[in-house]
Amino acid sequence: MSRVGKKPISIPKGVEVSLQGSKILFKGAKEQKELETHGRVKIDLQGDALSFSCLDSQAQSRAYWGTYRALANNIVVGLSQGFSKALEINGVGYKASINGKNLEMALGFSHPVVYPIPAGIEMSVEKNTITIKGADKQQVGQIAAEIREFRPPEPYKGKGIKYSDETIVRKAGKTSKK
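Residues numbered from 1 in each chain as written. Predicted model: local features only at pLDDT ≥ 70, side-chain atom pairs only at ≥ 80, totals over all residues. Heavy atoms only, no water.

A.B. asks: Can you help me understand the environment of Lys 33 in this one?
C.D. replies: Following the sequence through the fold, Lys 33 ends up in strand 4 (residues 32–36). Along the sequence, Lys 33 and Tyr 94 sit 61 residues apart, while their C-alpha atoms lie 37 Å from each other. Residues contacting Lys 33, with those up to four places away along its chain left out, are Ile 24, Leu 25, Phe 26, Ile 75, Leu 79, Ala 135 and Asp 136. (Helix = DSSP H or I, 4+ residues; strand = E, 2+ residues; numbered from the N terminus. Contact = heavy atoms within 4.5 Å.)

A.B. asks: Teacher, can you tell me more about the packing of aromatic side chains here?
C.D. replies: Each pair of aromatic rings is reported with the distance of its centres and the angle of its planes. Counted according to the given criterion, the structure contains 2 aromatic pairs. Aromatic pair Tyr 64 and Tyr 68: ring centres 5.9 Å apart, planes at 25°, arrangement stacked. Placement of both Tyr 64 and Tyr 68 in helix 2 (residues 59–80) is noted, with a separation of 4 residues, approximately one turn of the helix. Exposure remark for Tyr 68: the relative accessible area of 6% places this residue in the buried category. Pairing Tyr 115 with Phe 150 gives two aromatic rings, centres 6.1 Å apart and planes at 75°, and the pair type is edge-to-face. Remark: Phe 150 occurs in helix 3 (residues 137–150) and Tyr 115 occurs in strand 10 (residues 113–116); sequence separation between them is 35 residues. Residue class for Tyr 115 comes out buried when judged on its relative accessible area of 10%. Seen from the ring of Phe 109, Arg 151 lies directly overhead, with NZ or CZ sitting 4.3 Å from the centre. (Phe/Tyr/Trp six-rings, centres within 6.5 Å; stacked < 30°, edge-to-face > 60°. Buried < 20%, exposed > 50% of the residue type's maximum accessible area, 1.4 Å probe, protein only. Lys NZ or Arg CZ within 6 Å of the ring centre and 35° of its normal.)

A.B. asks: What is the right way to look at the nonpolar core in this model?
C.D. replies: General note: in soluble globular proteins, nonpolar side chains tend to be found buried as a group. In terms of nonpolar packing, the biggest core is built from 19 residues, with Leu 103, Met 105, Met 123, Ile 130, Ile 132 and Ile 147 touching the most fellow members. Here this core takes 4 residues from helix 3, the largest share from any one element. Met 123 has contacts with Ile 98, Leu 103, Tyr 115, Ile 117, Thr 131, Ile 132, Ile 143 and Ile 147, leaving out every residue within four places of it along the chain. Leu 35, Phe 52, Tyr 68 and Ala 72 belong to the second largest nonpolar core, which has 17 residues in total. (Core = buried A, V, L, I, M, F, W, Y, C linked by side-chain atoms within 4.5 Å.)

A.B. asks: Looking at this model, I keep getting lost on the sheet that holds strand 1 (residues 9–10). Mind explaining?
C.D. replies: Sheets are built from strands paired through backbone hydrogen bonds, the pairs being either parallel or antiparallel. The strand order 1-6-5 describes an open sheet built from 3 strands, whose pairing is antiparallel. Each end of this open sheet is capped by a strand with a single partner; those strands are strand 1 and strand 5 (42–46). With 2 bridges joining them, strand 1 and strand 6 (residues 49–53) adopt antiparallel strand pairing. Of the residues in strand 6, the one forming a bridge with Ile 9 is Leu 50. (Pairing = 2+ DSSP bridges.)

A.B. asks: Hey, could you run me through the sheet that holds strand 7 (residues 83–90) in this one?
C.D. replies: Read from one edge of the open sheet, 4 strands run 11-12-7-13, paired in antiparallel fashion. Where the open sheet ends on each side, the last strands, each with one partner, are strand 11 (121–126) and strand 13 (160–163). Averaged over all neighbouring strand pairs, the angle between strand axes comes to 20°, with direction disregarded. Across the sheet, helix 3 is in contact with strand 7, strand 11, strand 12 (129–134) and strand 13; its angle to strand 7 comes to roughly 10°. (Axes fitted to C-alpha atoms, helices over the stretch in contact; angles between N-to-C directions.)

Below, the structure written as structure tokens:
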């Protein structure tokens, strides 16, 4: 039994939910999203609660039950509160700035790294911290991972781009023989 799937999703004010066959339509203040379930789960919308249930007792059906409940909950939370990730830039001369719809970073290469900011995503740079905000949890996490990939943190000095809550396991440098 899915522990995640059992919990109903409470729909906050400002988010409207409607069913259209096997699709669930979510409408927030700024944008709207949809979740296609392909008829793999039963959907029940009563008042301000959305709940899911299995079609049968097979393992694949139970997996879909928890997965679709988690995806729907992420959409509701994204439309009501939003998601954010913070990245820290560490290193001498490493810096970032926002120019128009681009994030420009100086990361020790011979050229600046330019990352176009996608639609639906807000970015802000404050000193050495890049904050990524958006309504789609997957998109926010993917963009954070792509920016981190330009210069991942190295284990000796910790230079590079890391998540703000990430800890880097440091290695000892070379020692001289005596």
